[in-house]
Amino acid sequence: MSDLFPTYAKFPIEIVEGRGTVVKDANGKEYLDFTSGIAVCNLGHCHETVLAAVQKQLGQIWHTSNLFESSIQEQVATKLTADADRVVFFCNSGAEANEAALKLAKKHTGCDEIITFQQSFHGRTIATMTATGQGKIHDGFGALLPGFTYLPYNDLEALENTISAKTAAVMLEVIQGEGGVLPATTAFLVGASELCQKHGALLIIDEVQTGIGRTGKRFAFEHAGIEPDIFTLAKGLGNGLPVGAMVGKSELAATFGPGVHGSTFGGNKIAMAAADAVIDIVFDEAFLVDVTEKGAYFQQLLTEKVAANVVEIRGEGLMLGIALESEAGEVVKALQELGLLTLTAGPNVLRILPPLTVTKEELKCAANLIESVLIKQEVGMK
Ligand SMILES: *Cc1c(COP(=O)(O)O)cnc(C)c1O
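It should be emphasised that the depicted structure is a prediction, and the values quoted were computed from it without experimental measurement.

### Thoughts on the packing of helix H3 (residues 71–81) against helix H9 (residues 269–282)
At step 1: Between H3 and H9, whose axes approach to 9 Å, the crossing angle comes to 30 degrees. If you check the angle between H3 and H9, you find them roughly parallel. Here H3 and H9 pass one another in a crossing that is left-handed. Contact residues: Ile-72, Gln-73, Gln-75, Val-76, Lys-79 and Leu-80 in H3; Lys-269, Met-272, Ala-273, Ala-275, Asp-276, Ile-279 and Asp-280 in H9.
At step 2: Here the contact of H3 with H9 is built from residues that sort into 7 nonpolar, 2 polar and 4 charged.

Pasting the structure below:
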């Protein structure tokens, strides 16, 4: 019997080694990893440059607490904010970044009301679980944080009818990840941004899954040309080392003065060394164009091979979902047998998150395997 809390339904596979897109299990079987550890290892496994940066830092110093200056934190913050007038708070996870965003919004506006969306996912702490618009995640936990309203996603009219001067923040994902790889429309994002400005509410964009190049931009909100007041990052930021970040407009800085918020491990030097190397690679325009091109190529391959047999293929860049009529979990299992690791998002969506460094040959191989399961084995047929 396991000595772990059974919080995860685990696949009976232990991955013990990985390089790039290819991983090996304890029995020596190889797989193409099209999960990236849930959009975490965006540069593939054991990326040489990130490895070298982390190894160098490991030999110097690991942790000093946030009571001391940290030039590597300053450097990563400068790279993250680029030329925007923004400031950064570092933490260790997506939930912690969203928790910081919610606290900042409440304190800055003096309001308690927060609007989020149905099928959203924002984390597992009490506040971020409350923000998550999924009943199955709330069930059994008693009283949640007050002040939250869950609106239908992509419904601008519902937002217009609900937002008011009492709204502290509107929080949303540009593509709902866990909820089913559901993209927001540009009109919804632009409209939400305008409504927030009109009512003095803060727009918080949860980029925990969509950020760091996943959709072919540094941050997915850039596709819509909007400027959120706050956005949050985690998953892909450290390529596997735990790190999160909350990025806010500079005018919010004074609300988070000394002693107001904190995190012991947040911004530790090992995580920062990884993030610094990741940003240098991913925020290069040519790298992002390559992600966009590979994403389009893969969507085209999938469309040719399986579109006629599935409900929908959707997503942006290398964050893709295939909506099926049947259980996506069965497809995930069949693909594992064939040597391809994928994920589900909700009961009927096959979620595909290859490393951004994936090759076209690997994409072609994966598309053939997906075709063989969806078409030839007649799983997921309409
Ligand atoms: C994964 C995820 C989170 C939670 O991140 P953790 O690091 O697990 O706390 C929050 N928001 C989104 C959109 C996510 O995909």
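After that view of the structure, there is still more to cover.
### Topic: the confidence of the model for the protein chain
At step 1: Averaged over all residues, the pLDDT of the protein chain equals 97, while 98% of them reach at least 70.
At step 2: Considering each helix and strand of the protein chain separately, the mean pLDDT is smallest for helix H12 (residues 360–376), with a value of 96, and largest for strand S10 (residues 202–206), with 99.

### Concerning H12
At step 1: Here H12 is 17 residues long and its end C-alpha atoms lie 23 Å apart, about the 24 Å a rise of 1.5 Å per residue gives.
At step 2: For H12, the full list of buried residues reads Glu-362, Leu-363, Ala-366, Ala-367, Leu-369, Ile-370, Glu-371, Ser-372, Val-373 and Leu-374.

### Re the UniProt feature "modified residue: N6-(pyridoxal phosphate)lysine" (unreviewed entry) in the protein chain
At step 1: Cross-referencing UniProt, the feature "modified residue: N6-(pyridoxal phosphate)lysine" (unreviewed entry) maps to Lys-235 in the present numbering.
At step 2: Relative to the helices and strands, Lys-235 is located in the loop between strand S11 (230–233) and strand S12 (244–249).
At step 3: Setting aside anything within four residues of it in sequence, one finds Lys-235 in contact with Ile-38, Ala-39, Val-40, Glu-178, Val-208 and Gln-209.

### Some remarks on empty space enclosed by the protein
At step 1: Applying the stated criterion across every chain yields a total of 1 cavity of 30 Å³ or more.
At step 2: Approximately 80 Å³ is the volume attributed to the largest cavity.
At step 3: Lining the largest cavity are 13 residues, with Thr-64, Ser-65, Asn-66, Gln-73 and Gly-267 sitting closest to its centre.
At step 4: In terms of residue class, the lining of the largest cavity is made up of 1 nonpolar, 10 polar and 2 charged.

### What to know about the layout of surface pockets
At step 1: Roughly 830 Å³ of volume is contained in the second largest pocket.
At step 2: For the lining of the second largest pocket, the elements supplying multiple residues, two or more each, are H3, strand S4 (86–91) and S12.
At step 3: Ranked by the residues each element gives to the lining of the second largest pocket, the list is headed by S4, at 4 residues.
At step 4: When the residues that make up the lining of the second largest pocket are grouped by side-chain class, the tally is 14 nonpolar, 12 polar and 3 charged.

Each value, and the rule that gives it
- Residues numbered from 1 in each chain as written.
- Predicted model: local features only at pLDDT ≥ 70, side-chain atom pairs only at ≥ 80, totals over all residues.
- Heavy atoms only, no water.
- Axes fitted to C-alpha atoms, helices over the stretch in contact; angles between N-to-C directions.
- Helix = DSSP H or I, 4+ residues; strand = E, 2+ residues; numbered from the N terminus.
- Parallel < 35°, antiparallel > 145°, perpendicular 65-115°, else oblique.
- Left-handed = near helix turned anticlockwise from the far one by under 90°.
- Contact = heavy atoms within 4.5 Å.
- Nonpolar A, V, L, I, M, F, W, Y, C, P; charged D, E, K, R; others polar.
- pLDDT = per-residue confidence, 0-100.
- Expected span 1.5 Å × (residues − 1).
- Buried < 20%, exposed > 50% of the residue type's maximum accessible area, 1.4 Å probe, protein only.
- UniProt positions renumbered as here; feature names shortened; annotations may be inferred.
- 1 Å grid on protein atoms, 1.4 Å probe; cavity = no way out; pocket = protein on both sides within 12 Å on 5 of 7 lines; lining within 4 Å.
- Points joined across faces, edges and corners; volume = space filled by probe spheres on them.

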